[in-house]
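# Fold and contact review
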Amino acid sequence: MEENKKIEEAPAKEMIEADKKIKNLIALSILLGGLFIGSIFVDVAQLLKGNGFSQRVLNKTDVFTLDGKTWVAYSEPIVKIQVITDDSCENCQPDQALVWLRRVVPTILTQKVDLNSPEGKDLIAKTGVKTVPAFIFSSDVEKTDFYQQASALFEKKNNQFLLRTAELGLQPGKYLEIPSISENDIQVGNKEAKVKIVEFSDFQCPYCRAFHLNSISKAIRDYGDKILFVYKQFPLEFHLQAENAALASECANEQGKSLPYVDKLFEDQSNWGKLEGTQKFKSYALQLGLNSSQFNQCLDSKKYQDKVNRDKEEARSFGIGGTPSTFINDQFMNGVIAYDEIKKLIDEQLAK
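Residues numbered from 1 in each chain as written. Predicted model: local features only at pLDDT ≥ 70, side-chain atom pairs only at ≥ 80, totals over all residues. Heavy atoms only, no water.

Counting residues in hydrophobic clusters, the biggest one holds 42 residues, and the most contacted among them are Tyr261, Phe281, Phe295 and Ile346. Once residues lying within four places of it in the same chain are set aside, the contact partners of phenylalanine 281 are Gln241, Asn244, Ala245, Ala248, Tyr261, Leu265, Trp272, Phe295 and Leu299. Judged by nonpolar contacts, the second largest core, of 18 residues, contains Ala150, Leu153, Phe154 and Phe161. (Core = buried A, V, L, I, M, F, W, Y, C linked by side-chain atoms within 4.5 Å. Buried < 20%, exposed > 50% of the residue type's maximum accessible area, 1.4 Å probe, protein only. Contact = heavy atoms within 4.5 Å.)

Next up, the structure:
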């Protein structure tokens, strides 16, 4: 009897367990179904209320419109840009530059930083910014197509990237400092003068020739020890002999004959500019009474190549992309400037 009772109880237990499993599956189905239906209602509710789009909806489209705006999906990351500017300076406003930047990097997120604020001063100190507006990109810019195609437009500063505005043709609105003056620079005049003229120039540039012969030379003669003229090298790549001329002028400066040699280079520009090599530059040294052996060794060894490279890099750091580019104290002039205008600026600086 007991054995028969056990046999009868076994199927009953199995039925109970099976019934529980079925109930659990039904409950799970109801739960999953509810979540699915609920997600649809959530999506619909978001669309109707204008509160946004769910991830499920966004995954199905690259472009959609909301409240009169068209939103486009991009595969590139958000790139943060800190724009250092000065609201009191009309020429320092970055709006036009940002319009162009948004075309090439549509995922930028900008933050304007006033140069006089603590954050602005800290950024300037860390990145060495010399002009405003300045555009400092986050490291995410490295992941963009724009950076891959134009990395030469950026200068890495710690973990940030400073845009080289000169290469883009963006004129600085304001200069935060003036170019440095070192003992090795080509100089004419009084080192303690109240007015210092610093020119970035290219000996093969016809505009530099006109500027030097018609304006700078006159200023040096007329003002004498009242001014200091400093010549900085900025040979442009498309002037094939400009680099050799720059090196030759530095070798002449080594022997204290900088101004006569500079004058000769500009006066005879049309002749040496058509030639190759350095022989013509060596002949000028001989004509001007320099020690030929010392000069030739200096030029052949490219002794001042590092000096020329530093001048070029300094020019770029000031946003300079062409020649002549001249500072009269903190006043910047681009291109050929008539002597009367230079005279006016010098007189104004002397009167301060």
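Moving on to the sheet that holds strand 12 (residues 227–233). Two modes of strand pairing occur in sheets, parallel and antiparallel, and in both the strands are linked by backbone hydrogen bonds. With mixed pairing, the five strands of this open sheet are ordered in space as 10-12-11-13-14. With one partner strand each, in any of the chains shown, strand 10 (186–189) and strand 14 (331–334) form the two edges of the open sheet. Within the sheet, the average angular offset between the axes of one strand and its neighbour, ignoring direction, is 15 degrees. Pairing of strand 11 (residues 195–201) with strand 12, which is carried by seven bridges, proceeds in the parallel orientation. Across the sheet, the residue bridging to valine 195 is isoleucine 227, located in strand 12. (Pairing = 2+ DSSP bridges. Helix = DSSP H or I, 4+ residues; strand = E, 2+ residues; numbered from the N terminus. Axes fitted to C-alpha atoms, helices over the stretch in contact; angles between N-to-C directions.)

This next bit is on the packing of aromatic side chains. This model, assessed by the stated rule, comprises 14 aromatic pairs. For the ring pair tyrosine 261 and phenylalanine 295, a centre distance of 5.6 Å and an interplane angle of 45 degrees mean the geometry is tilted. Here tyrosine 261 is found in helix 8 (residues 258–267), whereas its partner phenylalanine 295 is found in helix 11 (residues 292–300), with 34 residues between them in sequence. Cluster of aromatic residues (ring-pair linked, three or more members): Trp100, Phe137, Phe146, Tyr147, Phe154 and Phe161. The lysine or arginine in question, lysine 130, covers the ring of phenylalanine 318, its NZ or CZ lying 5.7 Å from the ring centre. (Phe/Tyr/Trp six-rings, centres within 6.5 Å; stacked < 30°, edge-to-face > 60°. Lys NZ or Arg CZ within 6 Å of the ring centre and 35° of its normal.)

This paragraph deals with helix 8. Among all positions of helix 8, only Ser258, Tyr261, Val262, Leu265 and Phe266 are buried. Projected down its long axis, helix 8 shows its buried positions confined to an angular sector of 135 degrees, all on one face. (Arc of directions from axis to C-beta.)

Our focus in this paragraph is the state of the cysteines. All chains considered together, the criterion is met by two disulfides. Here cysteine 89 connects covalently by a disulfide to cysteine 92, the sulfurs 2.3 Å from one another. The sign of the S-S torsion, about 75 degrees, decides the handedness of the disulfide formed by cysteine 89 and cysteine 92: right-handed. The residues cysteine 89 and cysteine 92 share a single accessibility class, namely buried. Residue cysteine 251 pairs covalently with cysteine 298 via a disulfide, S to S 2.1 Å. Between cysteine 251 and cysteine 298, the disulfide has an S-S torsion of -85 degrees and is therefore left-handed. Separated by 47 residues along the polypeptide, cysteine 251 in helix 7 (residues 242–254) and cysteine 298 in helix 11 bring together distant segments of the chain. When its relative accessible area of 1% is taken as the criterion, cysteine 251 is described as buried. Here cysteine 298 falls in the buried class, since its relative accessible area comes to 4%. Counting only the cysteines that take part in disulfides, in the order they occur along the protein chain, gives the pairing 1-2, 3-4. Here cysteine 208 is not cross-linked by a disulfide; its sulfur's nearest cysteine counterpart is in cysteine 205, at 3.1 Å. (Disulfide = S-S within 2.5 Å.)

The residue histidine 239 is located in the loop between strand 12 and helix 7 in this model. Side chain to side chain, histidine 239 and aspartate 202 meet in a polar contact 2.7 Å long. Ignoring any residue separated from it by four or fewer positions in sequence, one finds histidine 239 in contact with Asp202, Gln204 and Cys205. (Polar contact = N/O pair within 3.5 Å; in protein donor to acceptor, adjacent residues only side chain to side chain.)

A few words on helix 6 (residues 206–223). Given a rise of 1.5 Å per residue, 18 residues ought to cover 26 Å, and the 25 Å separating the end C-alpha atoms of helix 6 matches this to within 8%. A maximum bend of about 40 degrees is found in helix 6 at histidine 212. Within the span of helix 6, buried status applies to Cys208, Phe211, His212, Ser215, Ile216, Ser217, Ala219, Ile220 and Tyr223. Those residues of helix 6 that are buried lie in contact with strand 10, strand 11, strand 12, helix 8, strand 13 (325–328) and helix 13 (339–351). (Expected span 1.5 Å × (residues − 1). Bend = angle between axes of the 7 residues up to and from the residue.)

With that settled, consider a nonpolar patch on the surface. On the surface, Val63, Val72 and Tyr74 cluster together into a nonpolar patch covering about 280 Å² of accessible area. Mapping valine 72 onto the fold places it in strand 2 (residues 69–72). Among the residues examined, valine 72 registers a relative accessible area of 41% and is labelled partly exposed. (Patch = residues over 30% accessible without salt bridge, like charges linked within 9 Å, V, L, I, M, F, W, Y side chains within 5 Å. Areas by Shrake-Rupley, 256 points an atom, 1.4 Å probe, with all protein chains shown as cover. Salt bridge = Lys/Arg side-chain N within 4 Å of Asp/Glu carboxyl O.)

A few words on the packing of helix 6 against helix 13. Contact geometry of helix 6 with helix 13 gives a least axis separation of 9 Å together with a crossing angle of 35 degrees. Note on packing geometry: the crossing formed by helix 6 with helix 13 is right-handed. Listed contacts from helix 13 to Phe211, Asn214, Ser215, Ile216, Lys218, Ala219, Asp222 and Tyr223 of helix 6 are Tyr339, Ile342, Lys343, Ile346, Asp347 and Leu350. (Left-handed = near helix turned anticlockwise from the far one by under 90°.)

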